[in-house]
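Take a look at the letters that make up each chain.
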Amino acid sequence: MKQMEVPTFKPRLKVLNREQALAIHGAALEILQKTGFKMEHGGALEMLADAGCRVSDKDRVSMPAKLVEEALTSAPKQFALYDQKGNEVIMLADGNYYYGTGSDATFTIDLDTGERRRAVLKDVGNFARLVDGLENINFAMSMSNPEDVPVADIYLHAFAEMVKNTSKPILFIADSGRDIAKIYQIACLVAGGEKELQQKPFILNYSEAISPLRFPENVMEKLIFCAQKKIPICLPSGSNAGGGAPVTLGGAMALGIAENLVGLVVHQLAGKGSPFLFGPNVSTLDMKSSVVSYGCPEWSLTQAALADMRDELYGLPIWAYAGATDAKVMDAQAGAEAMFSIITAMLSRANIIHDVGFLEYGNTSSLEMVTMANELIAMSRFFTEGITVNEDTLALEVTERVAGGGPGSIFLMDDHTFEHFMQAQFLPKLIDRSRYDTWEGAGATDLYQRCNAEARRMLSEHQVEPKSSEVLEGIARILTPH
Amino acid sequence: MSEFQVLSEAVIKGDVNTALAETRKALDAGSNAQEILDNGLITAMNEVGDKFSKGLLFVPQMLRSAKVMQECTKTLQPFFQEGDVTSKGKVLIGTVKGDLHDIGKNLVSMMLEGAGFTIVDLGVDVHPDKFAEKTGEVKPDIVAMSALLSTTMPSMPQTIEALQKAKLRDSVKIMIGGAPVTEKYAREIKADAYGSDAGTAVNKAKSLLGID
């Protein structure tokens, strides 16, 4: 059989059609025009007024659609993040997807005792080091608000600790214009200067507006700082369905997108062409516990919808979440919820996918959970790559050879198997497929125990490329209180 | 209790029309306002709170019941007599200085109101001195503080300090809550109670004031 070259279809999830995407976008524009928003930063207010927004009651702003269109045009459709050695490792364009951890958890699960306790600075370092060693985790976030550093500087200390423990890109949090300036100083030290950082950014700031439609001064300080310094930023809001936003997903998306568009417009006014990662966080407020869910199908659905809106309308890379759970321990619920969000985020081609490794609706971080997610991402990637169909993979000669061969011919013995099995199959590392007796003999462990062991191994064996003494001394100076 | 059965059921179901009609009917039939409040409305809200904490009701259902109760209480207002006890206690509540988040705080306020407390809501980004000043002014039984951010939590002990300076600390009970707040933190800053969620906040408020 002569085989034509067959392109490989890579499975992809679509949840919105063009009409739905346009309707949600139209609703967002209507919110900005009719309802307006509260802008509490004087400079931003002035920029918006100068650009043609109507301001009433001191800080109530109504935004014309034209401004949104302009910002969508001037924001870059793609941009890259680099590792701390200057290699391009994340290209935010089209349907490229990247996974990483999350930020701001109050608690962590102690690797030694299994207990939930307050997170400390060392945990931030441990998470960054684990991320550094895991092949499918592409960027680091703090995973913790450490208890053992001065609270006014937790984000600064967390950032410094991450820099010391990973070479991968860092997505960071800051409180206001004050600490982001110091974090920026550290980043410049690592990159080798301000110009170098601008050319090859390894950082991206995550800040949040407050739903519904409130833009606090400290948040805008960070947004404007990033726009001016060309540091990539994303500015989602907490437009979770039923909490910060209407309970129905269409309305929650429209509100969240409206809020993001405000951020984008201010951002582009402050630094035309600076990189902006688009996307609201549209999860649900649980109607019994009133927590914002990190394992619900709704969040996965709205970010799949946002990916469709990116493809239909916006063209900007998007922000998403996956690999987290509402479960309090890494149990079957944690596995189910983590896998659900990981594979749907990948199938819908979300770009920057954070929060990997959270338990307890983002309140507790878990090294074991990050380790498990690393493998779930690999499984999902295998699925998402689709089935390559060509002469080699159809393997008619192999079938002929084995089936038509003499007695004792088996596929396992064939050279074709030897040559292809590593690519043709997903080879799990932590997922257990051993025979019962083998499993029992090896200690009858469950996935949580194996992830715990693997996380411990990684933390004791994985070597992070150390920072130069110049960088370390610079960091120490910046961290010293004046 | 059975004489207000229909009223109570309407409150539990969140049926405002029936509840208001029943409230008027009870007044017309000569029941006094305090009785209707205690045996019709508060009884119903106790059941709602109980069902909610057992996971049998969802938040919007409970809030609808609270809203219905408030509407009925408005109808009763002109009929209360001197000496009637129309409130379980007064709670001064706010999101602390530096923090602008209010969903959790508003939820706690509504649930406390539904449970029969009087709420004085100072809003968000409330300065410690403002808490102290208002405490002197409205003389609450409880001062309740909320924070969503780790970075704004220190405003809680600062507020307690402001109350101490104003010599008002001992005249109130202090409750705190919010995502990064813990029981341990409440002990550290010498607050009187910590509510892990809105339902717990109501129970803690009741026990702080010795109400069952």
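Our next topic: the overall build of chain B. Counting secondary structure elements, chain B contains 9 helices and 5 strands. Secondary structure elements in chain B, listed N-terminal to C-terminal, are α-α-α-α-β-α-β-α-β-α-β-α-β-α. Computed over the C-alpha atoms, the radius of gyration of chain B is 18 Å, within 12% of the 17 Å expected from 2.2 N^0.38 for a compact globule of 212 residues. For chain B, the spread of C-alpha atoms along the three principal axes comes to 55 × 40 × 25 Å. Within chain B, contacts between residues separated by at least 24 positions form 74% of all contacts whose residues are at least 6 apart in sequence.

Counting its regular elements, chain A contains 18 helices and 17 strands. Its C-alpha atoms give chain A a radius of gyration of 24 Å, within 12% of the compact-globule value 23 Å for 482 residues. Evaluated residue by residue, chain A yields a buried proportion of 51% over its 482 residues. Summarising the internal contacts of chain A: among those between residues at least 6 apart in sequence, 75% fall at separations of at least 24.

Of all hydrophobic cores here, the largest spans 215 residues; its most connected members are A:Phe159, A:Ile170, A:Ile183, A:Val265, A:Leu277, A:Ile353 and B:Val11. Looking at which element gives the most residues to this core, the answer is helix α9 (residues 249–270) of chain A, with 12 residues. Beyond its immediate chain neighbours, meaning those up to four positions away, A:Ile170 contacts A:Phe139, A:Ala140, A:Phe159, A:Met162, A:Val163, A:Phe202 and A:Ile203.

Glancing now at the pairing of strand β2 (residues 118–121) of chain B. Look at any regular strand and the pattern is simple: side chains alternate between the two faces of the sheet. All names here are of chain B. The pairing of strand β1 (residues 90–95) with β2 spans 4 bridges and is parallel. Within β2, the residue paired with Leu92 across the bridge is Val120. In the classification by handedness, the crossover that spans β1, the intervening helix α5 (residues 103–114) and the parallel β2 is right-handed.

Between chain A and chain B, the contact holds 16 residues from the first and 16 residues from the second. Residue composition of the side of chain A that touches chain B, grouped by class: 6 nonpolar, 7 polar and 3 charged.

Another point: unusual backbone geometry. Residue A:Pro212 is reached from A:Ser211 by a cis peptide bond, and omega for that bond is -5 degrees. Structurally, the position occupied by A:Pro212 is in the loop between β10 (203–206) and β11 (214–215). Of note, A:Arg349 is a non-glycine position whose phi angle comes to about 60 degrees, a positive value. Checked against the element boundaries, A:Arg349 lands in the loop between α11 (332–347) and β15 (352–354). Positive phi outside glycine occurs at B:Asp125, with the angle close to 55 degrees. Mapped onto the fold, B:Asp125 is located in the loop between β2 and α6 (128–138).

A word on α5(B). Residue and element names in this part refer to chain B. Taking 1.5 Å of rise per residue, 12 residues should cover 16 Å, and α5 covers 16 Å from first to last C-alpha, within 8% of that figure. The buried fraction of α5 is high, at 10 of 12 residues. Of the residues trailing α5, Gly116 is marked for its positive phi of about 105 degrees.

Since the α-helix turns once every 3.6 residues, residues separated by three or four places project in the same direction. Residues and elements named next belong to chain A. Those residues of helix α3 (residues 65–74) that sit buried are Leu67, Val68, Ala71 and Leu72. Viewed end-on, α3 has its buried residues packed into an arc of 135 degrees, placing them on one side of the element. Exposed side chains of α3 directed beyond 90 degrees from the buried face belong to Lys66, Glu69 and Thr73. Contacts from the buried residues of α3 go to α1 (18–35), α2 (42–51), α9 and α10 (297–314).

Segmentation of chain A into domains returns domain 1 (72–384) and domain 2 (395–424). Distance from the C-alpha centre of domain 1 of chain A to the C-alpha centre of domain 2 of chain A: 46 Å.

This part is about the sheet that holds strand β5 (residues 193–194) of chain B. Residue and element names in this part refer to chain B. Strand order in the open sheet formed by 5 strands is β2-β1-β3-β4-β5, with parallel pairing between adjacent strands. Sheet topology places β2 and β5 at the edges, where each strand pairs with a single neighbour. Across the sheet, α6 touches β1, β2 and β3 (142–146), and the angle it forms with β1 is around 165 degrees. The strands touched by helix α9 (residues 198–208) within the sheet are β1, β3, β4 (173–177) and β5, with β4 carrying the most contacts at an inclination of about 170 degrees.

Moving on: the environment of A:Ala332. All names here are of chain A. Looking at the element boundaries, Ala332 is found in helix α11. A count of 10 C-beta atoms within 10 Å places Ala332 in the exposed class. In the structure, Ala332 is positioned 217 residues away from Glu115 in sequence and 18 Å away in space, judged by C-alpha atoms.

This paragraph deals with the domain arrangement of chain B. Residue and element names in this part refer to chain B. For chain B, the domain assignment lists domain 1 (2–79) and domain 2 (90–208). Taken together, the 10 residues of domain 1 in the interface contact 8 residues of domain 2. For the side of domain 1 that touches domain 2, the secondary structure elements donating two or more residues are α3 (33–53) and α4 (59–76).

Residues and elements named next belong to chain A. Between helix α6 (residues 177–191) and helix α8 (residues 217–229), the least distance of the axes is 9 Å, while the angle of their chain directions is 30 degrees. At the point where α6 passes α8, the crossing takes the right-handed sense. Between α6, through Gly177, Ile180 and Tyr184, and α8, the contact on the second element is made entirely by Glu221, Lys222, Phe225 and Lys229. When its residues are assigned to classes, the contact of α6 with α8 shows 3 nonpolar, 1 polar and 3 charged.

Basis of the calculations
- Residues numbered from 1 in each chain as written.
- Chains lettered and ligands numbered in written order.
- Predicted model: local features only at pLDDT ≥ 70, side-chain atom pairs only at ≥ 80, totals over all residues.
- Helix = DSSP H or I, 4+ residues; strand = E, 2+ residues; numbered from the N terminus.
- Rg over C-alpha atoms; globule rule 2.2 N^0.38 Å.
- Contact = placed C-beta atoms within 7 Å.
- Buried ≥ 20, exposed ≤ 12 C-beta atoms within 10 Å, placed from the backbone.
- Core = buried A, V, L, I, M, F, W, Y, C linked by C-beta atoms within 7 Å.
- Pairing = 2+ DSSP bridges.
- Right-handed = clockwise from strand over helix to strand, strands pointing away.
- Nonpolar A, V, L, I, M, F, W, Y, C, P; charged D, E, K, R; others polar.
- Expected span 1.5 Å × (residues − 1).
- Arc of directions from axis to C-beta.
- Domains from an automatic or database assignment.
- Axes fitted to C-alpha atoms, helices over the stretch in contact; angles between N-to-C directions.
- Left-handed = near helix turned anticlockwise from the far one by under 90°.

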